[in-house]
Amino acid sequence: MGDAGARDGRPSVRRVAVLGAGLIGTSIALALRSHGVEVLLSDPDAAALRLACDLGAGEPLEGSGGHPADVAVIAAPPAVVPQVLRRAQDDGLAHVYTDAASVKASVVAAAEDLGCDLATFVPGHPMGGREKRGPGAARADLFLGRSWALCPTGKADPGAVERVAEVARLCGADPLVVDAAAHDRAVALVSHVPHLASSAVAARLLDAGEDALTLAGQGLRDVTRVAGGDPSLWTEILTHNAAPVARVLRAVAEDLFRTADALAGPDMEAGPVRDLLVRGRDGHGRIPGKHGEPTLPDYTVIPVVIPDEPGTLGRLFAAAADAGVNIEDVRIEHTPGLPLGVAQLYVLPAGVDTLGRALAADGWSVHPGA
């Protein structure tokens, strides 16, 4: 299980079986294909498999024959991963196995109970996703700059861990080895509870009048975006990580109850309200940006008015490239039906003056400090 291929500049992972052609599996397959990796796909849903193959994510696994894959990636819900793993290992499908489920401790325990070979199994979790589902929503860059958790047990072969880490790197992700229980506690905080909080806010909209919904802005869309996820899948995820999620959820609820009591009192207390807002701002500031860089508040935002016309963003990015300034992130503020919008360009402070002058000279309506 050496890495001679990696040493001579070519990936040692050259043949991968992806079991599951949904959003995550197809995105992994597309990313691997972009590096010339041979990908074999399977899915119990024949229509999903056909679409993923038509998108260029790989070829059907069934009937492919040939030697075992270097790695098999099980992109399936946590409840079925152990059974799929056991069947794949019994069939000798690959030399190394991993999964992409968003919980790890229960998957590892069930795999051990089924007698799976834990030396060749490296549980994994790519930290990327979308509220949409299915192969049609897949993107080759879905994991670009994201963390990819690897949770090997004490029985895992080091070569197996490195091979799965290479899969993560080929997908543009940063592999991070972490204990399975620690992983589950972490994702309860950074993924699972945020989904529930988003759903709680979105659920209030069911009783909202049309006037209130007409007033909805980008803030509401940002907060409720992930609430559009699949309820059945998320019920399973939350069930498999119930205790860590419940602990974080209770802490969030206590904050909200204290704030509600302060607001509802006869003499409204600003202290508890401000305390939550300050801690929220400070907590948000700890979220790392891409590749672990400082979060976006450390960048400077340059608002640029843009017309709602084809090719506008391409011209704007080309102008920034000509100025030699990298756009670290971009947010678009636009009301459908209006002829103009605002592109908020996030750049490092050192490039602000250069970019502002270059865009203004090129005829763009630039509003620094706005």
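Note: the structure precedes this text.
All values derive from a computational prediction rather than experimental measurement.

A. Summary view of the overall build of the protein chain. When helices and strands are counted, the protein chain shows 14 helices and 13 strands. For the protein chain, the spread of C-alpha atoms along the three principal axes comes to 65 × 55 × 35 Å. Long-range pairs, those at least 24 residues apart, make up 68% of the contacts in the protein chain with a sequence separation of at least 6. As displayed, the protein chain offers around 19600 Å² of accessible surface, 57% of which is attributable to carbon and sulfur atoms.

B. Geometry of the pattern of salt bridges. For the coordinates displayed, the defined rule picks out 14 salt bridges. The closest approach of N and O atoms between Lys155 and Glu112, which form a salt bridge, is 3.2 Å. Placement of Lys155 in the loop between β8 (147–150) and α6 (158–170) and of Glu112 in helix α5 (residues 105–113) is noted, with a sequence separation of 43 residues between them. For Lys155, a relative accessible area of 53% gives the class exposed.

C. Fine view of helix α7 (residues 180–203). End to end, α7 covers 32 Å across 24 residues, agreeing with the expected 34 Å (1.5 Å per residue, within 8%). Along α7, the helix axis deviates most sharply at Ala188, where the bend reaches about 50°. Within α7 the residues assigned to the buried category are Ala180, His183, Asp184, Val187, Ala188, His192, Val193, His195 and Ser198. Contact partners of the buried residues in α7: α5, β7 (124–126), β8, α9 (218–224), α10 (231–240) and α11 (242–264). N-capping of α7 is provided by Asp179, with a side-chain oxygen placed 3.0 Å from the backbone N of Ala181.

D. View of the nonpolar core. Of all hydrophobic cores here, the largest spans 38 residues; its most connected members are Val16, Ile28, Leu32, Leu41 and Trp148. If you list the elements that add at least two residues to this core, you get β1 (15–19), α2 (23–33), β2 (38–42), α3 (46–54), β4 (69–74), β8 and α6. With 7 residues, the single largest contributor to this core is α6. Not counting the four nearest positions on each side in its chain, Leu41 is found in contact with Val18, Ala29, Leu49, Ala52, Cys53, Ala57, Gly58, Glu59, Pro60 and Leu61.

E. Quick peek at the packing of helix α4 (residues 81–90) against α5. One can describe the packing of α4 onto α5 by two numbers: an axis separation of 8 Å at closest approach and a directional angle of 45°. Taken together, the axes of α4 and α5 lie oblique to each other. α5 is crossed by α4, and the crossing has right-handed handedness. Residues Val81, Pro82 and Leu85 of α4 form the contact with α5, whose participating residues are Val107, Ala110 and Ala111. Of the residues contributing to the contact of α4 with α5, the split by class is 6 nonpolar, no polar and no charged.

F. Focus on the environment of Pro307. Position of Pro307 among the secondary structure elements: in strand β10 (residues 300–307). The exposure class assigned to Pro307 is partly exposed, which follows from its relative accessible area of 25%. Note: C-alpha distance between Pro307 and Leu340 (33 residues apart in sequence) is 4.5 Å. Beyond its immediate stretch of four places on either side in the chain, Pro307 contacts Thr312, Pro339 and Leu340.

G. Looking closely at the sheet that holds strand β11 (residues 329–333). Here we have 4 strands laid out as an open sheet, ordered β11-β12-β10-β13, and antiparallel in their pairing. Each edge of the open sheet carries a strand with a single partner, namely β11 and β13 (365–366). Of the strands in this sheet, β10, β11 and β12 (340–347) touch helix α13 (residues 312–322), which is tilted by about 140° from β10.

H. Main features of the sheet that holds strand β5 (residues 94–99). Across the sheet, which stays open at both edges, the 6 strands sit in the order β3-β2-β1-β4-β5-β6 with parallel pairing between neighbours. A single partner strand is all that each edge strand has here, and the edge strands are β3 (59–60) and β6 (121–122). The sheet contact formed by β4 and β5 spans 5 bridges and is parallel. Within β5, the position partnered with Ile74 by the bridge is Asp99. The strands touched by α2 are β1, β2 and β4; relative to β2, the strand with the most contacts, the crossing angle is about 165°. This element, α3, spans β2 and β3 of the sheet and lies at about 160° to β2.

Calculation notes
- Residues numbered from 1 in each chain as written.
- Predicted model: local features only at pLDDT ≥ 70, side-chain atom pairs only at ≥ 80, totals over all residues.
- Heavy atoms only, no water.
- Helix = DSSP H or I, 4+ residues; strand = E, 2+ residues; numbered from the N terminus.
- Contact = heavy atoms within 4.5 Å.
- Areas by Shrake-Rupley, 256 points an atom, 1.4 Å probe, with all protein chains shown as cover.
- Salt bridge = Lys/Arg side-chain N within 4 Å of Asp/Glu carboxyl O.
- Buried < 20%, exposed > 50% of the residue type's maximum accessible area, 1.4 Å probe, protein only.
- Expected span 1.5 Å × (residues − 1).
- Bend = angle between axes of the 7 residues up to and from the residue.
- Polar contact = N/O pair within 3.5 Å; in protein donor to acceptor, adjacent residues only side chain to side chain.
- Core = buried A, V, L, I, M, F, W, Y, C linked by side-chain atoms within 4.5 Å.
- Axes fitted to C-alpha atoms, helices over the stretch in contact; angles between N-to-C directions.
- Parallel < 35°, antiparallel > 145°, perpendicular 65-115°, else oblique.
- Left-handed = near helix turned anticlockwise from the far one by under 90°.
- Nonpolar A, V, L, I, M, F, W, Y, C, P; charged D, E, K, R; others polar.
- Pairing = 2+ DSSP bridges.

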